[in-house]
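Per-entry structural report
Here is what each chain is made of, one letter per residue.
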Amino acid sequence: MSSLPTKPNQKPNNPCFSSGPCAKRPGWNLSALQDALVGRSHRSGEGRAKLNEVITLSSEILGIPKDWKVGIVPASDTGAVELALWAILGSRPVDMLSFDSFSAEWVTDVVKQLKLSDARILHADYGELPDLRQINWAHDVVMVWNGTTSGVKIPNDEFIPQHRDGLVICDATSAAFAMDLPWEKLDVVTWSWQKALGGEAAHGMIALSPKAVKRLEETEQLRPLPKIFRVLKQGKLNDKIFEGDTINTPSMLCVEDALDGLRWAQSMGGLPGLKKRCDQNLKEISQWVAQAPWVEFLASKEEFRSNTSICLKIVDPWFVGLDDKEQKIVFSKITKLLATEKAGYDLASYRDAPLGLRIWGGATVETTDIKLLLPWLDWAFAFIKSTY
């Protein structure tokens, strides 16, 4: 057995590497919330102004076209995606891209809950992408841009034609504020506050293209919709929802925190600056993986690798030789050891994903903290292995 590496003597300044809720922006503390409109109505003039500012800043940083409608909706990205699925799908066939846990959940929604008989599933195992050439663009298309639980991203927009008969519904929750999104080739885009800018949970956002708005207004409602999925009023889009008059009551503490993250994003140079930080984090991990014999990326190809939800698998022959039950025990010991040492929290892969490490590399994570984490990963694996 190789000798046990020396226990690292320096820990990340911020050991939070969760993929949601994600690390707060560098330097964050509770004083960031001192101007929160607590005890006041979100429908007051001041409340609406803050909500509208979240919409405006998000649109500016992400480069959303001026003729799109952007709104805040309940229930995080899940609520935003399901609003789109329930309110829009059903008037034409739909192609579903499935290559991680959440895209598989949208398949479940469409096939088992909405029971759409003309849904076609384009599936790929973890670490892979479906064959994008098989998409029928006369259909509606539902996809995630970045697999939060697989570490696999869609590398470019070349596969999407400029002219499409159907709508493209894109869950971008771990891609927004980290990757370029081809707005001219998408129709519905969703994300949440808790991901790339480290906001608080339970608030989602949805962006609708003019084509998506037209579909909503011109297609007869195909099913009953709960209040939180209703964006039409008397058959027309309720514009007030997209100006800050939310469907239900948001947390004004969370609103203040979202504004803090957006203002920080601006100070980092907007989307180009955020992307650069994410890419640096991925580069640091890539260099480490290249020399660490016990791990590899879950994503099979380099061009597929996410720069936010960075997923790794353990390939050490000793570990691979263990049965599934023992692998889970070993892996639990590794992650618990890292947490006990306060070197890294929440590093386990998503519960439905293959067993492995998941390191959030979004812009709110400092590359220096990534660099300090990696020797701890080597140490923790070698330490647990030495006990067997």
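Described in the following lines is the structure provided in the data block. Just so we're clear, the structure is a prediction, and the values are computed from it rather than from any experiment.

What follows is about the sheet that holds strand β10 (residues 295-297). Strand order in this open sheet of three strands is β10-β11-β12, and the pairing throughout is antiparallel. Only two strands of the sheet have a single neighbouring strand rather than two, namely β10 and β12 (357-360). Neighbour-to-neighbour, the strand axes of this sheet turn through a mean angle of 30 degrees, independent of strand direction. Note that β10 and strand β11 (residues 309-314) share three bridges and pair antiparallel. Note that in β11 the partner of Val295 across the bridge is Ile314. The strands that helix α9 (residues 367-386) touches are β11 and β12; relative to β12, the one it contacts most, it runs at about 165 degrees.

Secondary-structure assignment places Thr308 in the loop between β10 and β11. According to the relative accessible area criterion, Thr308 is buried, its value standing at 0%. Within the structure, Thr308 has its side chain in polar contact with the backbone oxygen of Ser174 (distance 2.8 Å). Not counting residues up to four positions away in its chain, the partners in contact with Thr308 are Asn146, Ser174, Ala178, Met179, Cys278, Ile359, Trp360, Gly361 and Gly362.

Under the counting rule described, the total for this entry stands at 12 aromatic pairs. Between the aromatic rings of Phe102 and Tyr350, the centroid separation amounts to 5.2 Å while the plane-to-plane angle is 45 degrees, which identifies the pairing as tilted. In this pair, Phe102 is assigned in helix α3 (residues 101-113) and Tyr350 in the loop between α8 (324-340) and β12, connecting sequence segments 248 residues apart. Tyr350 sits in the buried class, given a relative accessible area of 15%. With 6.0 Å between their ring centres and 65 degrees between their planes, Trp318 and Phe381 make a pair best called edge-to-face. Of this pair, Trp318 sits in helix α7 (residues 317-320) while Phe381 sits in helix α9, and the two are 63 residues apart along the sequence. Grouped by ring-pair contacts, the aromatic residues Trp288, Trp294, Trp318, Phe319, Phe381 and Tyr388 constitute a single cluster.

Rules behind the numbers
- Residues numbered from 1 in each chain as written.
- Predicted model: local features only at pLDDT ≥ 70, side-chain atom pairs only at ≥ 80, totals over all residues.
- Heavy atoms only, no water.
- Pairing = 2+ DSSP bridges.
- Helix = DSSP H or I, 4+ residues; strand = E, 2+ residues; numbered from the N terminus.
- Axes fitted to C-alpha atoms, helices over the stretch in contact; angles between N-to-C directions.
- Contact = heavy atoms within 4.5 Å.
- Buried < 20%, exposed > 50% of the residue type's maximum accessible area, 1.4 Å probe, protein only.
- Polar contact = N/O pair within 3.5 Å; in protein donor to acceptor, adjacent residues only side chain to side chain.
- Phe/Tyr/Trp six-rings, centres within 6.5 Å; stacked < 30°, edge-to-face > 60°.

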